[in-house]
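Coordinates in review
For reference, the chains in residue letters:
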Amino acid sequence: MNNESYGKYFYMLPFSEKTRGKPFITAFFFLIYVVGVVINSSIIIYHMSGVGVAEETLLFVMAYDRYVAICDPLHYNQIMSRRNCILTTIGIWAMAVLNSVMFVQSALYMSSCHSNVIHQFYCDAKSLTQVTCTTTQLFYLVNAVEILLLAFTPLTCTFISYAKIFSDIFKMKSESRKKAFSTCSSHIIVISIYYGAAIIGYFIPDHYKVLNIVFNVLYTNVIPMINPIIYSLQNSSIQSALLGLGRDIFILNKDSRKNLRVQN
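This text gives an overview of the structure that appears in the document. (Residues numbered from 1 in each chain as written. Predicted model: local features only at pLDDT ≥ 70, side-chain atom pairs only at ≥ 80, totals over all residues. Heavy atoms only, no water.)

**Describing the overall build of the protein chain**
Counted only if it meets this: Under the DSSP-based scheme used, a helix requires at least four consecutive residues in state H or I and a strand at least two consecutive residues in state E, with every element numbered from the N terminus. Relative accessible area decides the class of each residue, using a 1.4 Å probe on protein chains only: under 20% of the type maximum gives buried, over 50% gives exposed, and in between gives partly exposed. Here the Shrake-Rupley method, with its probe set to 1.4 Å, supplies the accessible areas, and only the displayed protein chains count as covering residues.
Tallying secondary structure elements over the protein chain gives nine helices and two strands in all. Counting helices and strands in the order they occur from the N terminus, the protein chain gives α-α-α-α-β-α-β-α-α-α-α. By residue count, 29% of the 264 residues in the protein chain fall in the buried class. For the protein chain, the exposed area adds up to about 18,100 Å²; of that, 66% sits on carbon and sulfur atoms.

Below is the structure:
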């Protein structure tokens, strides 16, 4: 009889046993999992409208935060005080909830005549108008207010903030300029991806169903998942952990190739 070992548990070890960043790797993948679950759960219960409005406004507030920090640093603690931040957050979520309630209320009185099937991941305004034949004035009013006040206005204010930021950055010395750019880089990347996917998805013709689905997945799932990763890359501890992980993987691969050559 062959000797066999019996084990009650299996251990998953995708990385080397000598990897120093095990807690970081665990936290990294756990964060991705939690973000994916939370975002998809919010889509399933149609919180998507409120979350989207809140995120668009918060992106502008973050741009304004960087504007104050770079262009008016002496008054930063006064302008971005704890009280002001709390009131701003409450106002943003109140506005987002009100917009969602108005959107749902206006959509309840719409009837479908073309089809009752929406080929999309969530019931957005664009997909809803494709299957309905009777719409209310309130529905168009809510959408117009959402596009003008809650999408176009924050985006325009964000551009104005960064125009002023870049104007002041170019007047700085090279060392201060580099530090200021590093402060804004992650937020600029997030804004570019977020609004880029939203604008492209909005202007894609209706008959390109596959592209509509792809950009909606990117807008509603992928972007919220990678946002924490983009912002985390500015953290010096995470940068050190990534460099250490990359160095360990390189050394491990180098040793493996050396052992393979010795065996051959």
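**A short note on the packing of aromatic side chains**
Defined as follows: Stacked, tilted and edge-to-face are the three classes applied to pairs of Phe, Tyr and Trp rings, where Trp contributes its six-membered ring and a pair requires centres within 6.5 Å; stacked means planes under 30 degrees apart, edge-to-face means over 60, and tilted covers the rest.
Within this structure, the stated rule accounts for five aromatic pairs. Plain terms: the ring middles of Phe166 and Phe181 are 5.9 Å apart, the flat faces sit at 35° to each other, and that makes the pair tilted. Highlighted residues: Phe166 in helix α6 (residues 137-169) and Phe181 in helix α7 (residues 174-203), separated in sequence by 15 residues. Judged by its relative accessible area of 27%, Phe166 falls in the partly exposed class. Relative to Phe181, the ring of Phe170 has its centre 6.2 Å away and its plane inclined at 65°; by these criteria the two rings are edge-to-face. With a gap of eleven residues between them, Phe170 in the loop between α6 and α7 and Phe181 in helix α7 connect regions that are remote in the sequence. An aromatic cluster is present here, built from Tyr162, Phe166, Phe170 and Phe181 joined pairwise through their rings.

**What about the state of the cysteines?**
This is how it is decided: Sulfur atoms of two cysteines make up a disulfide when they are within 2.5 Å.
Counted by the stated rule, this structure contains zero disulfides. For Cys71, which is in no disulfide, the shortest distance to another cysteine sulfur is to Cys184 and amounts to 8.6 Å. Its relative accessible area of 1% is what places Cys184 among the buried residues.

**Some remarks on the side chain of Glu56**
Heads up, the condition is: Residue contacts are counted whenever heavy atoms from the two residues lie within 4.5 Å of one another.
Tracing the sequence through the fold places Glu56 in helix α2 (residues 48-71). Judged by its relative accessible area of 11%, Glu56 falls in the buried class. Leave out the neighbours within four places in its chain, and Glu56 touches Leu150, Ala151, Pro154, Tyr194, Tyr195 and Tyr219.

**Examining the nonpolar core**
Threshold: By convention a nonpolar core is built from buried Ala, Val, Leu, Ile, Met, Phe, Trp, Tyr and Cys residues, the set being connected through side-chain atoms within 4.5 Å.
Grouped together as the largest cluster of nonpolar side chains are 18 residues, with contacts concentrated most on Leu59, Ile70, Tyr162, Ile165, Tyr194 and Tyr195. Broken down by secondary-structure element, the contributors of at least two residues to this core are α2, α6, α7 and α8 (209-232). By residue number, the principal contributor to this core is α7, which donates seven residues. Setting aside anything within four residues of it in sequence, one finds Tyr195 in contact with Glu56, Leu59, Ala151, Pro154 and Leu155.

**Some details on the pattern of salt bridges**
To be explicit about the condition: Here, a salt bridge means any Lys or Arg side-chain nitrogen found within 4 Å of an Asp or Glu carboxyl oxygen.
Scanning the entire structure with this criterion turns up one salt bridge. For Lys164, the salt bridge is made with Asp168, and the minimal N-O distance between the two is 3.8 Å. Taken as a pair, Lys164 and Asp168 lie in helix α6 at a separation of four residues, close to a single helical turn.

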